[in-house]
Amino acid sequence: MSDIIEILPDSVANQIAAGEVVQRPASVVKELLENAIDAGASKITLNIKDSGRTLIQVIDNGKGMSEADARMCFERHATSKIKLAEDLFSLKTKGFRGEALASIAAVSHLELKTRLRNNDVGTCVTMEGSSLIAHEPDACAEGTSISVKNLFYNIPARRKFLKTDSIELKHVIEEFQRVALVHPSTHFYFFHNEQEIFHLTAGTFRQRIISVFGDKYNERLVPVKEETSILFIEGFVGKPEFAKKTRGEQYVFVNQRFIRNNYLNHAIQKAYEDLLPTHEFPSYFLQVTIAPDKIDININPTKTEIKFDDEKSVYAIIRTAVKQALGKYQISPVLDFERETGFDLPIDENRELKQPTIKVNPEYNPFKEKTSLKNAFQTHTERNRNNWDVLLTDLKANSSKEIENEALIPSQEQDHIKEAFSVLQLNHSYIVTTLRSGLILIDQQRAHERILYEYFLNSNTQHSYCCQQLMFPETLELSAIDATMLNTILPELNAKGFDISEFGKNTFVINGLPTEMELNSIHSFIEKLLEEIKMNAGTDKNNASEKIARTSAKVLCIKRNTSLLAEEMKNLLDKLFACEQPNYTPSGKTIFVTLSNEELENKF
Ligand code: ADP
Ligand code: MG
């Protein structure tokens, strides 16, 4: 048999390499931004079109390339950043594998314009799927501009795998943020379809975090700083009260490179032990500086994973530094028996100690002034009052279909309830009322959550909602990612009685709200809504309209520990039993329990 093994042509090898390096527009953005940083740029502009599908352009004012390098950089393993294998242990640059430009050029139409500092003339190179199309002098600006057009034009399968524009944009924003956050002295612009998404001027790390995520982060950050013989750690962690249900803003940078490392994330999460309920995640922005020979970042082509020589010590140092930072701000428990003895942070003894306070308004009663919700339920309620028989029979029939072995209200109870509809509130949290066959205990918060959920769920189909126009429209500033997400659900939101419109760069104007909502809850409402959407992202089992209803109900419902008047309790029960599914909250929690006379008798 003749020999059959051949070396793959470069264009094929590059395409294969591209499979690892370039997964989506965001990967191109990451590589180009990192190259610009490595070139020493102090100002970088990112321009994308159609979430990066049609164009990704990065312009920098870095050192530029010579005429020969401008061609050479597209060869596989072409790099100016390392020369010897040993150099891998003293890396100071983001890149070193020399494969990004070769990979990107293999799957796009690419144009590179570059001019060395102090050179009169620059170079323009045009590539198409690894082939050189043109290489000529060009009167471009100092620095480098790379335009990547029609990504994956020659690999339709990959193009097909790209997600919706808003998801791809979200990935691009995430990559941009990872680079921009840790290079606060670099000036960044970011435009999408010619609209400015970010303009970040040079500043400190703290200023950069705030300009990326919004002013509200200013009060949320607790500084962390610790120097040991192994590493230097500096940055900020979020106060526990601002923790979220999704792993949102969690950034660990090692030697100015964003890295994913579950072990380190665990160390930080552990520092919050006892300060956070399970399934809540803090924000953090931590920069670790460590000798390059103590780590290995060459474990995957995207260079976001990392191995530490002494992982256990790194874990302990990070956990302790974060824990002590939280403790210093009187957030962490004072006595900490588990404290690492390896080192101690200096405590500022002159700092004034503050007692934590909780603001409670004992007068607050969400039922007052909520007449519109009453109106919205008028029809239900009337039907309900007039048809207890039907209601309870329905309830029984309905529930027994779905929930077996559940204690339900027997239909013969109807008259009794109608007559002796007296209610009692237990612990300001539960409503007790009697049935002929026993008693029923209702969780007021869950009951109200169910009522509001069904109200909001049906509001756009029934057009029964009301929108109150605000006298003074309110502006809402969001992070770039949150703004992208809000934009995608704006039509559903406005169909439910909101009147919110986009107002340029990550800003929205709230002109009106559903009558049930008070203005001061709108910010937390939007925040929780976006959280809910992020948490369910990908599963897509719930549509936006359902999520809006779910979150509205959660945010607006009366809470436990709220005292209610008898009328209000009756009203609540009326509405609950007018719901399609009064037994469970939207997330499946039991709303009421019954205790039969028989059960009662057995107790005595
Ligand atoms: P790596 O960054 O791993 O070296 P790349 O394929 O990303 O590999 O880039 C190849 C080479 O091209 C770099 O080593 C660098 O010399 C040069 N280069 C790429 N982008 C720029 C830029 N924006 N400015 C100056 N030189 C650049
Ligand atoms: Mg590179």
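Model, not experiment: these values are computed from the prediction.

1. Thoughts on the pattern of salt bridges
Side-chain pairs of opposite charge can arise whenever the charged atoms involved come near each other. Applying the stated criterion across every chain, the model contains 22 salt bridges. The salt bridge involving glutamate 273 is made with lysine 270; its shortest N-O contact spans 2.9 Å. Salt bridges here are not isolated pairs; linked through shared partners, they connect Lys30, Glu31, Glu34 and Lys303.

2. Considerations on helix α1 (residues 10-21)
Relative to the 16 Å expected for 12 residues at 1.5 Å per residue, α1 spans 16 Å between its end C-alpha atoms, a close match to the ideal helical length. Regarding α1, the residues found buried are Ala13, Asn14, Ala17, Ala18 and Val21. All buried residues of α1 fall inside an arc of 145° around its axis, so they share one side. Packed against the buried residues of α1 are α2 (25-38), α4 (100-106) and α5 (156-161).

3. Notes on the environment of glutamate 227
For glutamate 227, the position within the fold is in strand β9 (residues 221-227). For the pair glutamate 227 and alanine 321, spaced 94 residues apart in sequence, the C-alpha separation works out to 9.4 Å.

4. Re the sheet that holds strand β18 (residues 438-443)
The four strands are arranged β16-β17-β18-β22 in an open sheet whose pairing can be described as antiparallel. Of all the strands in the sheet, just β16 (423-426) and β22 (592-596) have a single pairing partner and so form its edges. Averaged over neighbouring strand pairs, the angle between their axes works out to 25° when direction is ignored. Those strands touched by helix α18 (residues 566-577) are β16, β17 (430-435), β18 and β22, and its axis lies near 100° from that of β16.

5. Points about the packing of aromatic side chains
Counted according to the given criterion, the structure contains 18 aromatic pairs. When the ring of phenylalanine 498 is compared with that of phenylalanine 525, the centres are 5.2 Å apart and the planes differ by 10°; the resulting orientation is stacked. Of the two residues, phenylalanine 498 sits in the loop between α15 (480-495) and β20 (499-502) while phenylalanine 525 sits in helix α16 (residues 522-535), which places them 27 residues apart along the sequence. Side by side, phenylalanine 498 and phenylalanine 525 carry an identical accessibility label, which is buried. Among the aromatic residues, those joined into a ring-pair cluster are Phe213, Tyr217, Tyr251, Phe253, Phe258 and Phe285. Over the aromatic face of tyrosine 217 sits the side chain of arginine 220, whose NZ or CZ is 5.0 Å from the ring centroid. Across from the ring centre of phenylalanine 96, 5.9 Å away, lies the NZ or CZ of lysine 303, which sits over that ring.

6. Focus: the packing of helix α8 (residues 262-271) against helix α9 (residues 311-328)
Taken N-terminus to C-terminus, the directions of α8 and α9 make an angle of 30°; their axes are 8 Å apart at the nearest point. Taken together, the axes of α8 and α9 lie roughly parallel to each other. For α8 against α9, the interelement crossing comes out right-handed. Every residue of α9 that contacts α8 at Tyr263, Leu264, His266, Ala267, Ile268, Lys270 and Ala271 is listed here: Glu311, Lys312, Val314, Tyr315, Ile318, Arg319, Val322, Lys323 and Leu326. Broken down by class, the residue content of the contact of α8 with α9 amounts to 10 nonpolar, one polar and five charged.

7. A few points about the side chain of histidine 192
Its location among the elements puts histidine 192 in strand β7 (residues 187-192). Exposure remark for histidine 192: the relative accessible area of 13% places this residue in the buried category. At 2.9 Å, the side chain of histidine 192 forms a polar contact with the backbone nitrogen of serine 51. Excluding its chain neighbours within four sequence positions, the residues that come into contact with histidine 192 are Ile48, Lys49, Asp50, Ser51, Leu169 and Ile197.

8. Points about the site of ligand 1
Taken together, 18 residues sit near ligand 1, with Asn35, Thr79, Ser80, Lys81 and Gly98 positioned nearest. Alanine 100 is positioned with one of its backbone polar atoms (N or O) 3.3 Å from an oxygen atom of ligand 1. A distance of 2.9 Å is found between an oxygen atom of ligand 1 and a backbone nitrogen or oxygen belonging to leucine 101. Against a free-state accessible area of 530 Å², the protein chains account for coverage of 93% of ligand 1. Residue composition of the shell around ligand 1, by class: seven nonpolar, seven polar and four charged.

9. A look at the environment of serine 145
Inspection of the secondary structure assignment puts serine 145 in strand β6 (residues 143-149). Note on serine 145: relative accessible area 15%, which makes it buried. Through-space distance from the C-alpha of serine 145 to that of lysine 113 is 5.2 Å; in sequence the pair is 32 residues apart. Setting aside residues up to four positions removed in sequence, serine 145 forms contacts with Gln57, Val58, Ile59, Glu111, Leu112 and Lys113. A distance of 3.3 Å separates polar atoms of two side chains, one belonging to serine 145 and the other to glutamine 57.

10. Concerning the side chain of glutamine 250
By the secondary structure assignment, glutamine 250 is in strand β11 (residues 250-254). Residue classification places glutamine 250 among the buried residues on the basis of a relative accessible area of 12%. Separated by 2.9 Å, the side chain of glutamine 250 and the backbone oxygen of proline 282 make a polar contact. Sequence-distant contacts of glutamine 250, defined by excluding residues within four places in its chain, comprise Phe258, Gln269, Phe281, Pro282 and Tyr284.

11. Focus: the pairing of β7
Among the six residues that make up β7, five are buried, leaving the element largely enclosed by the rest of the structure. As judged from the six bridges shared by strand β1 (residues 43-49) and β7, these two strands associate in the parallel manner. Bridged to leucine 46 within β7 is phenylalanine 190. Summarising the sheet, β7 and strand β8 (residues 195-200) pair through five bridges and their orientation is antiparallel. Counted as the bridge partner of phenylalanine 188 is leucine 200 from β8. Two successive antiparallel strands, β7 and β8, enclose a turn made up of two residues, where asparagine 193 displays a positive phi of approximately 45°.

12. Details of the confidence of the model for the protein
Mean pLDDT over the protein works out to 83, with 83% of the residues at or above the 70 mark. Of the regions scoring below 50 in pLDDT, residues 331-361 engages in 39 contacts with residues more than four places distant in sequence or in other chains. Predicted confidence for residues 366-411 stays below pLDDT 50, and this span has 72 contacts to residues more than four positions away or in other chains.

Reading the values: the criteria
- Residues numbered from 1 in each chain as written.
- Chains lettered and ligands numbered in written order.
- Predicted model: local features only at pLDDT ≥ 70, side-chain atom pairs only at ≥ 80, totals over all residues.
- Heavy atoms only, no water.
- Salt bridge = Lys/Arg side-chain N within 4 Å of Asp/Glu carboxyl O.
- Helix = DSSP H or I, 4+ residues; strand = E, 2+ residues; numbered from the N terminus.
- Expected span 1.5 Å × (residues − 1).
- Buried < 20%, exposed > 50% of the residue type's maximum accessible area, 1.4 Å probe, protein only.
- Arc of directions from axis to C-beta.
- Contact = heavy atoms within 4.5 Å.
- Pairing = 2+ DSSP bridges.
- Axes fitted to C-alpha atoms, helices over the stretch in contact; angles between N-to-C directions.
- Phe/Tyr/Trp six-rings, centres within 6.5 Å; stacked < 30°, edge-to-face > 60°.
- Lys NZ or Arg CZ within 6 Å of the ring centre and 35° of its normal.
- Parallel < 35°, antiparallel > 145°, perpendicular 65-115°, else oblique.
- Left-handed = near helix turned anticlockwise from the far one by under 90°.
- Nonpolar A, V, L, I, M, F, W, Y, C, P; charged D, E, K, R; others polar.
- Polar contact = N/O pair within 3.5 Å; in protein donor to acceptor, adjacent residues only side chain to side chain.
- Near = heavy atom within 4 Å.
- Areas by Shrake-Rupley, 256 points an atom, 1.4 Å probe, with all protein chains shown as cover.
- pLDDT = per-residue confidence, 0-100.

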